[in-house]
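# Survey of secondary and tertiary structure
Listed below, chain by chain, are the residues.
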Amino acid sequence: MRSFTILFALVSLLGFAGLARADVRELLTELLTKHNCTACHFIDKRKYGPKLKDVAAKYANDENAAEKLAAKIKSGGTGVWGQDVMPPQPQVSDADALALASYVLSLK
Ligand code: HEC
């Protein structure tokens, strides 16, 4: 009985984690499309800008990455991934910029 309970807890936990990951992807894709980030970024492939999975890997151990990247999404910049320039995106709200940064960082 006890092991059944543990097994059940484990299965629901794994199921939930899988669902959460799929949801995050969907939300991220929606926001990327809405703000036209997809003109330069793909999740799994380098385009003009860095592949977003590489961005997640680069900042995996940076506690302040979400705030940093949210600011960069709004202000743009260059020099971190090469000489290409990301233009400023002032049309992106602070909330959307932070959501985009958090979703990107959650990519694996
Ligand atoms: C015109 C092309 C272009 C568009 C549009 C664009 N980006 Fe970028 N992005 C780039 C380039 C080029 C870089 C690399 C900049 C660098 O090396 O500092 C970059 C870098 C990034 C980074 C990593 C920043 C860092 O300092 O490591 C993130 C996160 C990012 N972009 C998210 C977004 C999001 C979200 C959007 C949409 C709101 C977006 N980008 C729109 C070209 C673009």
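Residues numbered from 1 in each chain as written. Predicted model: local features only at pLDDT ≥ 70, side-chain atom pairs only at ≥ 80, totals over all residues. Heavy atoms only, no water.

## Some words on the coordination of the iron atom of the ligand
Angles between donor atoms at a metal ideally measure 109.5 degrees for a four-coordinate tetrahedral arrangement and either 90 or 180 degrees for a six-coordinate octahedral one. The coordination sphere of the iron atom of the ligand contains the protein donors His41 (NE2) and Met86 (SD), at a distance range of 2.0 to 2.1 Å. Coordination geometry of the iron atom of the ligand: the six donor atoms subtend angles of 84 to 179° at the metal centre, consistent with an arrangement described as octahedral. Highlighted residues: His41 in the loop between α1 (2–34) and α2 (52–58) and Met86 in the loop between α3 (65–75) and α4 (94–105), separated in sequence by 45 residues. Given the relative accessible area of 13%, His41 is considered buried. (Donors = N, O, S within 2.8 Å, 3.2 Å for Na, K, Ca; no water. Tetrahedral: all angles 85-135°; square planar, octahedral: opposite > 155°, others 65-115°. Helix = DSSP H or I, 4+ residues; strand = E, 2+ residues; numbered from the N terminus. Buried < 20%, exposed > 50% of the residue type's maximum accessible area, 1.4 Å probe, protein only.)

## Some details on the side chain of Gln89
Note that Gln89 resides in the loop between α3 and α4. The buried category is assigned to Gln89, whose relative accessible area is 15%. At a separation of 2.8 Å, a polar atom in the side chain of Gln89 contacts the main-chain carbonyl oxygen of Pro87. Those residues in contact with Gln89, other than ones at most four positions away along the chain, are His35, Ile73 and Lys74. (Polar contact = N/O pair within 3.5 Å; in protein donor to acceptor, adjacent residues only side chain to side chain. Contact = heavy atoms within 4.5 Å.)

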